[in-house]
Each structure stands twice: as C-alpha cells, then as structure tokens.
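Structural description and commentary
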Amino acid sequence: MTDVCIVAKEGKRLPGDLYAYETAYRALSTYDATYPWENALAVETISLGTAVSLLNDLDWYLARVAADAFVRDPSVSETEWLSRPLARDLRDGDGDPEERVNRLKVYGVEDGRLVDPTMVLRGDAQEGTYERAEYDDAVVVRVTKDEFF
C-alpha cells in the first residue's frame, strides 16, 4: 500500500478546509483518513500510480489549503517519503526507485506538527534517520534535483 500525506498551510485545518470543497470531499471519501501529525492528513492507496492520480485530482484544492503533499511507497522506501514530482517521475518511469536519492527535505516534528522544512544534501546516499536535535522527531522527504534549492 502507498500512503499519501497532505500538510496544511499555516492557518488552514485539515480535513475541514479541504473537505469544504465538495469535489475534494468526494475524491477523498473512499479513503480512511488518518492524522499522523496535527497539521497533516494521510490516506492509504493501492499503488504509486493511484497516489499520484489522487494528488493530481486534488491539485486545485491543494493549491489553496496545502503547504506540501508527499507519498510513501514501500517498494521505494519503508520510512522515507517522496515529493509529488519525484513520485510522478517514478510512476512515469523517468526515475529508478533503486537509486539512492541524496536531496532531501527534512521536516521537524514539534508538538505533533510538521514544522520547519529544511533542504539537506545527504552525503553518503544511505537511507536512515535524520537528526533534527531541536525537534522531537524528523520526517524525511526525497526531492528531485529541480526542487532542491
């Protein structure tokens, strides 16, 4: 199963602000939403392709209420997430899921919320945990070269 995570913009609340749009509500109604972090909504889909398609269907709404959206596919990594563009590239066959990705966006977790996304260049290309000492935990999202700034 492939997970999709949508992170709310500052001042927005999920699912309320997202579900206020009838089309978004209908698109998500077939999924059991969970809330892994206070400012994030997650759903489980059947595949990477389904996850990317769901995010594409929600694109107009995400532009209004979401700060970020990413995907975790167990065929790529059990612990690290993929940015939307990277997930789309893998779905389209434009990337190699076996290739270790060095460019990351690492979120801190503070008081149950995803905060302070920071771009990090991983030197050894080995998957693993990332320390953000100032936070309770960290969430790692692999990003494309174009996203890395």
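Quick summary incoming for the structure in this document. Keep in mind that what you see is a predicted model, and the values were worked out from it rather than measured.

**A closer look at the side chain of D68**
Here D68 shows up in strand β4 (residues 66–72). Owing to a relative accessible area of 14%, D68 belongs among the buried residues under this scheme. Residues contacting D68, with those up to four places away along its chain left out, are C5, I6, V7, K105 and Y107.

**Things to note about the pattern of salt bridges**
Taken as a whole and judged by the stated rule, the model has 6 salt bridges. As a salt-bridge pair, D59 and R84 come within 3.1 Å of each other at their nearest N and O atoms. Here the residue D59 occupies a position in helix α4 (residues 59–65), and R84 occupies one in helix α5 (residues 84–91), the gap between them amounting to 25 residues. For R91, the salt bridge is made with D92, and the minimal N-O distance between the two is 2.8 Å. Since its relative accessible area comes to 34%, R91 is described here as partly exposed. The class for D92 is partly exposed, based on a relative accessible area of 41%.

**Some points on the environment of E10**
One can find E10 in the loop between β1 (2–8) and α1 (16–19). In this structure, the C-alpha to C-alpha distance between E10 and V76, residues 66 residues apart in sequence, is 30 Å.

**Some points on the pairing of strand β6 (residues 103–110)**
For β6, the buried fraction is high: 6 of the 8 residues fall into the buried class. In terms of strand pairing, β6 meets strand β7 (residues 113–121) through 7 bridges, oriented antiparallel. For G108, the partnering residue across the bridge sits in β7 and is V115. Sheet topology places β6 next to strand β8 (residues 137–142); 6 bridges connect them, and they run antiparallel. Bridge pairing in β8 links V109 to D137.

What counts as what
Residues numbered from 1 in each chain as written. Predicted model: local features only at pLDDT ≥ 70, side-chain atom pairs only at ≥ 80, totals over all residues. Heavy atoms only, no water. Helix = DSSP H or I, 4+ residues; strand = E, 2+ residues; numbered from the N terminus. Buried < 20%, exposed > 50% of the residue type's maximum accessible area, 1.4 Å probe, protein only. Contact = heavy atoms within 4.5 Å. Salt bridge = Lys/Arg side-chain N within 4 Å of Asp/Glu carboxyl O. Pairing = 2+ DSSP bridges.

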